[in-house]
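# Fold and contact review
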Amino acid sequence: MKFNRTGSLFLAIVLFILGNNEVKAQRAPTHWANDGYQYYKTTGGEITVYDTRDTSKKTVWISTAMLTPKGGKPIGVKRFTISDDGKKVLINTNTKKVWRYDTRGDYWVFDTGTQKLWQIGKNLPGSSLMFAKLSPDGSKAAYVSGHNIYVEDLANGAVKQLTTDGSTRLINGTFDWAYEEEFGCRDGFRWSPDSRNIAYWQIDATKIKSYYMLNTTDSIYPFVVPVEYPVAGENPSSAKIGIVDVNSAATKWIDLPGDPIQHYIPRMEWTLNPNEIILEQENRAQTESRIFVGNISNGTAHVIHEEKSDTWLDGKERWNNGDPIGWEWINKGKDFLWVSEKDGWKHIYKISREGKETLITKGDYDIINLSLIDEAGGYIYFTASPDNATQKYLYKIKLAGGKAERVSPADQPGTHGYDISPNGKVALHNFNNSYTPPVTEVVTLPEHKHIGGKVIVLNKDAKNKPEFFKVKTADGIEMDGWMMKPTNFDPNKKYPVLFTVYSEPAGQTVTDTWGAGRNGLYVGSMADDGYIYMSVEGRGAPAPKGTKWRKAIYKNIGIVNVRDQAMAAKEIIKWPFVDSTRIAVHGWSGGGSTTLNLMFQYPDVYKTGIAVAAVGDQLTYDNIYQERYMGVPVDDAGRAPFIKGSPITYAKNLRGNLLYIHGTGDDNVHYKNAEELIDELVKYNRQFQLMSYPNRTHGIFEGPGTSLHLHTLFTQYLKEHCPPGGR
């Protein structure tokens, strides 16, 4: 029901719909040099060094010639990592997609001293290596291929297979579909600090039922594509943590309490001690979290921290820009930082190895992301927006706590992002707002002084920029919104309104960002054609407005969020320039579900709807996501909220114009949802229009002409059933 948050396919699609073509689904990390001022970047097939102190200066570090094997062509650099001593570079190339991202490929090593370039894992199938990483001492590389873990000696090329039981359903060192999609877990193994052991996940999906997708386009005879996919109410895969000795290839398992099938392990890392790992275990309902420290010598584990919630507990990917990797150690490993909403706001806590807790960011505001721990400088940098939930700014606070100080300039309202150097002295700062396209500069910290890149100039005189507003519903809920008015707006006329919706916990639509007010699915200009384009954000969206706001949707997806949208629309319809007879709504994925529910539950408000890739029946969606927000449906009482919030429950109420779009090869929201919806609409003789895109996935972009066809269909249907222009 949502797009993945890691690298954020949700964000990619939403911003594409909103007109932001800058977004990318998967960004490579910035590789900062040890001095903290220089960084490495791929440029034109070469690896280049940039200096933040002189942004006009860049030096080719590894040239195309250096990246050319003897007698071959230059290898393309998709991404790379550098050893701690800077002497070896691990290069990923020839990548292939695994569901969302290109996490399979080939790997090469370049030695910066000897200038030698060679391929690792070359005797394994091409483009089969996953998550290759150098050992901390730089002597070896480990990688996954065929669901098994291998280690390779970089000096002599000797390869050792560390696990041998891997299969498509017994997964070592990476994850199954659900873990990847819902926890952002992809890379499933970690080198020990002393390079002697590797800790890894083993996911047992042997009892997970397959969803069989039918491919009818890629051969004369159709064939089945099975995906292990645990729907809500079905048991998840079991997970356990093993420690494999690199020399002996012997694995010891960490002994954790509880049924491994009824628990998740969304995080695991080494402590600073090479004899210990630390991990988080959540119960299946994701309402309880326990942090364990495990001893690798004897496999024992003990709890050092516990937390429970009446709703759900967000994982690290929610406060680390979609990345669950890493542990935030301070004080030489005696303490670590943690984020919790236990006091009603999302705050940073310090937790000791003994479990003692200290609140650092105290106050009635949410942190959004943890940006950097500058332990040497004594500060934590984080993003927040206490006064405007549509924006984002950088703050700093002392490690000991106190009052947070805003670092982002007061004269730059909008959305700020930072890639901060590990030394905390400089940052790559990107800024945009609804009327200023994305700009990147280099700044010093904490002064925020510009030292390079483009100077940020607000485009205050931009024409046709969206207007932000607040609307209070009959339920007393005040919601943020934006609207883009027609180009030649006449306040004495009435205009049609198209709402764009999402309204689930995976992302916001009302943000002060470039692209707000623009519809990337529309061919032409909605403003020029005479539409008001609008979005309002209700409860359940992950806006920095407090826990109560975000978690009001618990066991209420399809109810609370849908009512908030409809009640806001009822207020907006009262505005003198809004034509209540021409109200349309559209959304994709979870937004498609919201669109259907609005059309079915509030047919008196919404006259036209365009829903794409929607979950029609919540009991068909994956268990990690749907059970997190709706509970575990183990009996009739548990299934009741799922049924109450599902669009198919209300399909018989359709009165307006509905266009439903879905890809038959969607592995995320399966095409079964479309067919269940079709059956209900047919049962009650509710007429609608259907567009099925053969073998297209959740994003519906594959194949020549697909995007243009979809956009044209969207535009023509809207114009036909919700005509543009003032009246």
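All values reported here derive from a predicted model rather than from experimental measurement.

Thresholds applied
- Within each chain, residue numbers correspond to sequence positions counted from 1 in written order.
- Reporting in this predicted model follows two pLDDT cut-offs: at least 70 for local features of residues, and 80 or more for side-chain atom pairs to be given and counted; totals over whole chains, interfaces and linings ignore these cut-offs and use all residues.
- Excluding hydrogens and water, the side-chain values take into account all heavy atoms of the structure.
- Secondary structure follows DSSP: runs of H or I at least 4 residues long count as helices, runs of E at least 2 residues long count as strands, and numbering of each begins at the N terminus.
- For the radius of gyration, the atom set is restricted to C-alpha positions; the globular benchmark scales as 2.2 Å times the number of residues to the power 0.38.
- Any residue under 20% of the maximum accessible area for its type is buried, any over 50% is exposed, and the rest in between are partly exposed; the area is computed with a 1.4 Å probe on protein chains only.
- Residue contacts are defined here by distance: any two heavy atoms, one from each residue, within 4.5 Å place the two residues in contact.
- Only the protein chains shown count as covering a residue, and every accessible area follows the Shrake-Rupley method with a 1.4 Å probe.
- UniProt positions are given in the numbering used here, feature names are shortened, and annotations may be inferred rather than shown by experiment.
- A pair of strands is treated as paired once DSSP finds two or more bridges between them.
- Structural elements are reduced to axes, namely lines fitted to C-alpha atoms, with helices fitted over the stretch in contact, and the angle between N-to-C directions of any two is expressed from 0 to 180 degrees.
- As used here, the term nonpolar core means buried Ala, Val, Leu, Ile, Met, Phe, Trp, Tyr and Cys residues forming a set that is joined through side-chain atoms within 4.5 Å.
- Each salt bridge in this description consists of a side-chain nitrogen of Lys or Arg and a carboxyl oxygen of Asp or Glu lying within 4 Å of one another.
- Each crossing gets its hand from how the near helix is turned against the far one by less than a right angle, where anticlockwise is left-handed and clockwise is right-handed.
- As a working rule, the residues Ala, Val, Leu, Ile, Met, Phe, Trp, Tyr, Cys and Pro are called nonpolar, Asp, Glu, Lys and Arg charged, and the rest polar, with Gly in that last group.
- Two N or O atoms form a polar contact when they lie within 3.5 Å of each other; inside protein one atom must be a possible hydrogen donor and the other a possible acceptor, and for residues adjacent in sequence the pair counts only when both atoms belong to side chains.
- What counts as a ring pair is set by centres within 6.5 Å for rings of Phe, Tyr and Trp (its six-membered ring), and what kind of pair is set by the plane angle: stacked under 30 degrees, edge-to-face over 60, tilted for all other angles.
- Look at NZ for Lys and CZ for Arg. If either is within 6 Å of the ring centre and within 35 degrees of the ring normal, a charge sits over the ring.

Now for the overall build of the protein. A tally of helices and strands in the protein yields ten helices and 43 strands. For a compact globule of 727 residues, the expected C-alpha radius of gyration is about 27 Å, and the protein comes in at 26 Å, within 12% of that figure. Projected onto its principal axes, the C-alpha coordinates of the protein cover approximately 75 × 60 × 55 Å. Split into buried and exposed, the 727 residues of the protein put 59% on the buried side. When contacts within the protein are restricted to residue pairs at least 6 apart in sequence, long-range pairs at least 24 apart make up 59% of them. When the accessible surface of the protein is summed, it comes to about 28800 Å², and 50% of that surface belongs to carbon and sulfur atoms.

The feature "domain: Dipeptidylpeptidase IV N-terminal" (unreviewed entry), as annotated in UniProt, sits at residues 83–438 in this numbering. Span residues 83–438 is 2% helix and 48% strand, its end C-alpha atoms 32 Å apart.

With that out of the way, let us pick up the sheet that holds strand β11 (residues 148–153). The strand order across the open sheet built from four strands is β9-β10-β11-β12, with neighbouring strands paired in antiparallel fashion. Across the chains shown, the open sheet's two edge strands, defined by having one partner strand only, are β9 (130–134) and β12 (159–161). For this sheet, the mean inter-axis angle between neighbouring strands, taken without regard to orientation, is 20 degrees. Across six bridges, the pairing between strand β10 (residues 140–145) and β11 is antiparallel. Pairing of alanine 142 across the sheet is with valine 151, part of β11.

It is worth spelling out the UniProt feature "domain: Peptidase S9 prolyl oligopeptidase catalytic" (unreviewed entry) in the protein at this point. Those places that UniProt annotates as "domain: Peptidase S9 prolyl oligopeptidase catalytic" (unreviewed entry) correspond, in this numbering, to residues 525–721. As annotated, residues 525–721 comprises 40% helix and 17% strand, and the C-alpha atoms at either end are separated by 17 Å.

Next up on the list: the nonpolar core. Core analysis: the largest hydrophobic core is formed by 46 residues, its most contacted members being Phe499, Met534, Ile572, Phe600 and Tyr606. Considering each element in turn, this core owes the most residues, six residues, to helix α5 (residues 560–572). Setting aside chain neighbours within four positions, we find phenylalanine 499 in contact with Met534, Ala569, Ile572, Ile583, Ala584, Val585, His586 and Tyr606.

Two side chains of opposite charge can pair, provided their charged atoms sit close to one another. Within this structure, the stated rule accounts for 33 salt bridges. The residue glutamate 180 makes a salt bridge to arginine 186 at a minimum N-O spacing of 3.5 Å. Overall, glutamate 180 belongs to the buried group, its relative accessible area being 5%. Across the pair lysine 551 and glutamate 341 runs a salt bridge, and its minimum N-O distance is 3.6 Å. Of the two residues, lysine 551 is situated in the loop between α4 (547–550) and α5 and glutamate 341 in the loop between β25 (335–340) and β26 (347–352); the sequence distance between them amounts to 210 residues. Lysine 551 sits in the buried class, given a relative accessible area of 10%.

Moving on, we get to the packing of α5 against helix α6 (residues 590–601). One can describe the packing of α5 onto α6 by two numbers: an axis separation of 10 Å at closest approach and a directional angle of 65 degrees. Both α5 and α6 take part in a crossing whose hand is right-handed. In contact with Asn561, Val562, Gln565 and Ala566 of α5, α6 contributes Thr594, Asn597, Leu598 and Gln601. Its residues assigned to classes, the contact of α5 with α6 comprises three nonpolar, five polar and no charged.

Moving on to the environment of tryptophan 270. Note that tryptophan 270 resides in strand β20 (residues 263–270). For tryptophan 270, a relative accessible area of 8% corresponds to the buried category. A polar contact is formed between the side chain of tryptophan 270 and the backbone oxygen of arginine 190, at a distance of 3.1 Å. Of the polar contacts made by the side chain of tryptophan 270, one reaches the backbone oxygen of tryptophan 191; its length is 3.2 Å.

Right, let's talk about the pairing of strand β33 (residues 426–433) for a bit. The buried fraction of β33 is high, at seven of eight residues. Sheet topology places strand β32 (residues 415–420) next to β33; six bridges connect them, and they run antiparallel. Within the sheet, the bridge partner assigned to histidine 416 lies in β33 and is phenylalanine 431. Where β32 folds back onto β33 in an antiparallel hairpin, the turn is made up of five residues, including glycine 424, whose phi is positive at roughly 70 degrees. As paired strands, β33 and strand β34 (residues 436–444) are joined by seven bridges and run antiparallel to one another. The residue of β34 that forms the bridge with phenylalanine 431 is valine 439. Between the end of β33 and the start of β34, which pair antiparallel, lie two residues.

Here we come to the packing of aromatic side chains. Any pair of aromatic rings gets described here by the distance separating the centres and the angle formed by the planes. Counting across every chain of the model gives 30 aromatic pairs. Geometrically, the ring pair formed by tryptophan 575 and phenylalanine 577 is tilted, given 5.9 Å between the ring centres and 50 degrees between the ring planes. Using a relative accessible area of 12% as the deciding quantity, one classes phenylalanine 577 as buried. An aromatic cluster is defined as three or more aromatic residues linked by ring pairs; in this entry it consists of Trp177, Tyr229, Trp312, Tyr554, Tyr621, Tyr625 and Tyr629. Note that arginine 406 overlies the ring of tyrosine 393, its terminal NZ or CZ placed 3.7 Å from the centroid. The positively charged end of lysine 485 is found above the aromatic ring belonging to phenylalanine 577, 5.0 Å away from the centroid.

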